[in-house]
Amino acid sequence: KQEVTQIPAALSVPEGENLVLNCSFTDSAIYNLQWFRQDPGKGLTSLLLIQSSQREQTSGRLNASLDKSSGRSTLYIAASQPGDSATYLCAVRLISGGYNKLIFGAGTRLAVHP
Amino acid sequence: IAGITQAPTSQILAAGRRMTLRCTQDMRHNAMYWYRQDLGLGLRLIHYSNTAGTTGKGEVPDGYSVSRANTDDFPLTLASAVPSQTSVYFCASSDSGMTEAFFGQGTRLTVV
């Protein structure tokens, strides 16, 4: 059974710091991995999608890497800002039981303080 | 409409009542999904649809039903609500099963 783990569960950093969020998954037979951001009481906003054949994706201050063989992905946030405060979720897509689905981690709750 | 729209935003429902959560997307995506999000349990897939006219069961389908009469709409029905169905429900869509998934803003449902 695929399990997705995110470490740390919570993180508090001062503004301007570079930080890394970690995501690990137990089954390397994934099709892609997607990072989301969720603000309190809101829906999920897609940040980056990495296909299984890719090693990394970049969008602005965000960089996500994927090492499928070791079952790991990292989300790097450069020069963090208070507006980055949110919960960050990673999800892997796989085929299981005849359908494709996203398996989510529990998330990392990030607080960036001025 | 831009993206995925869910309605209602929130609802308090008496146990035993029937309720339909609405989801509409304007991106012409083939695949649509319903998730529930619960504290400590994360996001879990309830039902999915790979294309209009087809639906399938996810991880936690009991007590829920869906239909996919057309590409844009994917309603989720609780036939007889129970308190354990208190949750935040998210609808999502993707162009295919393998592409980027987009989520609606969620429906917060409380069953009392």
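Up top is the structure these notes are about.
All values derive from a computational prediction rather than experimental measurement.

What follows covers the packing of aromatic side chains. Under the counting rule described, the total for this entry stands at eight aromatic pairs over all chains. Ring geometry for A:F104 versus B:Y35: centroids 5.6 Å apart, planes at 85 degrees, classification edge-to-face. With A:F104 in strand β10 (residues 99-104) and B:Y35 in strand β4 (residues 31-38), the pair connects residues from two separate chains. Using a relative accessible area of 1% as the deciding quantity, one classes B:Y35 as buried. Ring centres of B:Y33 and B:Y35 lie 6.4 Å apart, and the angle between their planes is 45 degrees; on these two criteria the pair is classed as tilted. Considered together, B:Y33 and B:Y35 belong to a single accessibility category, that of buried residues. Among the aromatic residues, ring-to-ring pairing joins A:F36, A:F104, B:Y33, B:Y35, B:F90 and B:F103 into one connected group. Here the guanidinium or amino end of B:R68 rests over the ring plane of B:F74, the centre of that ring lying 6.0 Å away.

This brings us to the sheet that holds strand β1 (residues 4-7) of chain B. What links the strands of a sheet is backbone hydrogen bonding, and the strands pair in either a parallel or an antiparallel sense. All names here are of chain B. Read across the sheet, four strands follow the order β1-β3-β8-β7 without closing on themselves; strand pairing throughout is antiparallel. This sheet does not close on itself; its edge strands, each paired only once, are β1 and β7 (64-66). For this sheet, the mean angle separating the axes of adjacent strands, direction not counted, is 20 degrees. Two elements, β1 and strand β3 (residues 19-25), share four bridges in a ladder whose sense is antiparallel. Its bridge partner lying in β3, T5 is registered against T24.

What follows deals with the pattern of salt bridges. Note on pairing: side chains with opposite charge can pair once their charged atoms come close. Residue and element names in this part refer to chain A. Enumeration according to the criterion identifies five salt bridges over all chains in this entry. One salt bridge connects D39 with R37, and the closest N-O pair in it is separated by 3.0 Å. On the accessibility criterion, D39 (26% relative accessible area) is partly exposed.

Turning our attention to the side chain of A:S46. Within the secondary structure, A:S46 sits in strand β5 (residues 44-51). Classification of A:S46 as buried rests on a relative accessible area of 18%. At 2.4 Å, the side chain of A:S46 and the side chain of B:E100 are in polar contact.

Moving on to the nonpolar core. All names here are of chain A. In this structure, L33, W35, L75, I77, Y88 and V92 are the most contacted members of the largest nonpolar core, which totals 25 residues. Listing elements by their share of this core, those giving two or more residues are β3 (19-25), β4 (32-38), β5, β7 (62-67), β8 (72-77), β9 (86-96) and β11 (108-113). Sorting elements by how many residues they give to this core places β9 first, with five residues. Not counting residues within four places of it along the chain, the set of residues in contact with V92 comprises Q2, V4, F25, I30, N32, L33, K101, L102 and I103.

All names here are of chain B. Judged by how many residues are buried, strand β9 (residues 87-94) sits mostly within the fold: eight of eight residues are covered. Side chains of β9 alternate between two faces, with S87, Y89, C91 and S93 and V88, F90, A92 and S94 buried alike. Both β4 and β9 contribute to a ladder of seven bridges, which runs antiparallel. In the sheet register, R36 faces β9, and the bridge partner there is Y89. Looking at chain direction, β9 and strand β11 (residues 107-111) are connected through three bridges and run antiparallel. The partner of V88 across the bridge, within β11, is R108.

What counts and what doesn't
- Residues numbered from 1 in each chain as written.
- Chains lettered and ligands numbered in written order.
- Predicted model: local features only at pLDDT ≥ 70, side-chain atom pairs only at ≥ 80, totals over all residues.
- Heavy atoms only, no water.
- Phe/Tyr/Trp six-rings, centres within 6.5 Å; stacked < 30°, edge-to-face > 60°.
- Helix = DSSP H or I, 4+ residues; strand = E, 2+ residues; numbered from the N terminus.
- Buried < 20%, exposed > 50% of the residue type's maximum accessible area, 1.4 Å probe, protein only.
- Lys NZ or Arg CZ within 6 Å of the ring centre and 35° of its normal.
- Pairing = 2+ DSSP bridges.
- Axes fitted to C-alpha atoms, helices over the stretch in contact; angles between N-to-C directions.
- Salt bridge = Lys/Arg side-chain N within 4 Å of Asp/Glu carboxyl O.
- Polar contact = N/O pair within 3.5 Å; in protein donor to acceptor, adjacent residues only side chain to side chain.
- Core = buried A, V, L, I, M, F, W, Y, C linked by side-chain atoms within 4.5 Å.
- Contact = heavy atoms within 4.5 Å.

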